[in-house]
Amino acid sequence: MRVHGEVSDDEAAVAGEQVPISPTGASAGQQWLVVGYALTKKKVKSFLQPKLLALARKKGIHFVSIDETRPLSEQGPFDIILHKDYREEHPEVTVLDPPNAIQHLHNRQSMLQEVADLNLSNGYGIFFSGEVCTPRQLVIMKDPSSIPDAVAKAGLTLPLVAKPLVVDGTSKSHELSLAYLEASLPLLDPPLVLQEFVNHGGILFKVYIVGETIRVVRRFSLPDVNTYDLGNNDGIFRFPRVSCATNNAEDADVDPCIAELPPKPLLEKLGKELRRRLGLRLFNIDMIREHGRKDRYYVIDINYFPGYGKMPGYEHIFTDFLLSLVQSKYKRLLSGC
């Protein structure tokens, strides 16, 4: 079923009346899959790129902007609602993804808990004998002067990476700070999360999840820290968004042992488990491999609805994903489920 009402969409530039959906996409005489979206202006610009809209039209997918000042029942009809943060009011429509599940990733205190609870070590039947874990971390809500004592009590080891506690989609929420010395900790600005820094060869693996599809890209990250750095750096070193697309490391001349991607079976198992535990289908995982430990990986961040426009071939992956959703719903209707 859809949410009914009037349809208009300047971005997709698809003219004419919209009719009930065909499960195979649209060509001449066929029907349309209507996807309503409630995204920020920034996300619309990065995600709804011309190459995505052009391919979507060929596959019979029509993107429609949702007016959040009007009742949803007065808009549409929609087969799927795509949103970064949107309150679900129509359970008969496929909503990507459940708002309460998305909220789980807005707080770095809870974000990595599902990874910490996983047990992907000891091979688990996929020919991988390593482990996937999370860095030890500490949440500081207020009073910067209390940070040194809190760090000592928690037994965390310097250097520490400081990240804003709340992830709200702004560039500021993705800024990092690196503290080398205990004396510099009161210079940090709570609320924040402190994570033990793990040397990882300066390479981060950004793992994109789109339903059951997984794609991995390499990005440059913070460089390794050595004994000299610890003894000759003081204060707080602040970094902009480290793993952005401008830090692409796909074609860089990097030690093969550092650049080697995580095993595919591991990523498939991790993606499957996190989809189930988080209740989400659109997210990405930031992973690092501990330098010198081929089989030890850390998940350091999880982001909902990341910058898919930076993922190679995203327009094909995403349109196929949207069509698979309506095909699955169509099959369930035919089977009476």
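The rules behind these values
Residues numbered from 1 in each chain as written. Predicted model: local features only at pLDDT ≥ 70, side-chain atom pairs only at ≥ 80, totals over all residues. Heavy atoms only, no water. Helix = DSSP H or I, 4+ residues; strand = E, 2+ residues; numbered from the N terminus. Contact = heavy atoms within 4.5 Å. UniProt positions renumbered as here; feature names shortened; annotations may be inferred. Polar contact = N/O pair within 3.5 Å; in protein donor to acceptor, adjacent residues only side chain to side chain. Buried < 20%, exposed > 50% of the residue type's maximum accessible area, 1.4 Å probe, protein only. Core = buried A, V, L, I, M, F, W, Y, C linked by side-chain atoms within 4.5 Å. Arc of directions from axis to C-beta. Pairing = 2+ DSSP bridges.

**Looking at the environment of Ile-300**
Mapped onto the fold, Ile-300 is located in strand β14 (residues 296-304). Taking the C-alpha atoms as reference, Ile-300 lies 5.8 Å from Asp-286; in sequence the two are 14 residues apart. Beyond its immediate sequence surroundings of up to four residues, Ile-300 is in contact with Leu-112, Pro-135, Lys-163, Gln-195, Leu-204, Asp-286 and Ile-288.

**Quick look at the UniProt feature "binding site: Mg(2+) 2" (unreviewed entry) in the protein**
Per the UniProt record, the feature "binding site: Mg(2+) 2" (unreviewed entry) sits at Asp-301 and Asn-303. Mapped onto the elements, Asp-301 comes out in strand β14. Of the polar contacts made by the side chain of Asp-301, one reaches the side chain of Arg-108; its length is 3.2 Å. On the secondary structure map, Asn-303 appears in strand β14. Since its relative accessible area comes to 8%, Asn-303 is described here as buried. Asn-303 has contacts with Leu-105, His-174, Lys-206, Phe-283, Asn-284 and Asp-286, leaving out every residue within four places of it along the chain.

**Observations regarding the nonpolar core**
Membership of the largest hydrophobic core comes to 62 residues, with the highest contact counts inside it found for Phe-47, Phe-63, Leu-82, Leu-282, Ile-302, Tyr-308 and Leu-322. Top contributing element to this core by residue count: helix α10 (residues 314-335), with 8 residues. Ile-147, Val-151, Ala-179 and Leu-194 belong to the second-largest nonpolar core, a separate cluster that totals 13 residues.

**Details of helix α2 (residues 50-58)**
Given 3.6 residues per helical turn, the α-helix brings residues three or four places apart onto the same face. Taken residue by residue, α2 has Leu-52, Leu-53, Leu-55 and Ala-56 as its buried positions. Buried positions in α2, seen along its axis, are confined to an arc of 170 degrees and lie on one side of it. Of the exposed residues in α2, those oriented more than 90 degrees away from the buried face are Pro-50 and Lys-58. Gly-60, located one to two residues past α2, shows a positive phi value of around 80 degrees.

**Some points on the pairing of strand β6 (residues 137-140)**
Of the two faces of β6, only the one carrying Leu-138 and Ile-140 is buried; Gln-137 and Val-139 on the other face are not. Note: β6 against strand β9 (residues 192-196), 4 bridges, orientation antiparallel. Paired with Leu-138 across the strands is Leu-194, a residue of β9.

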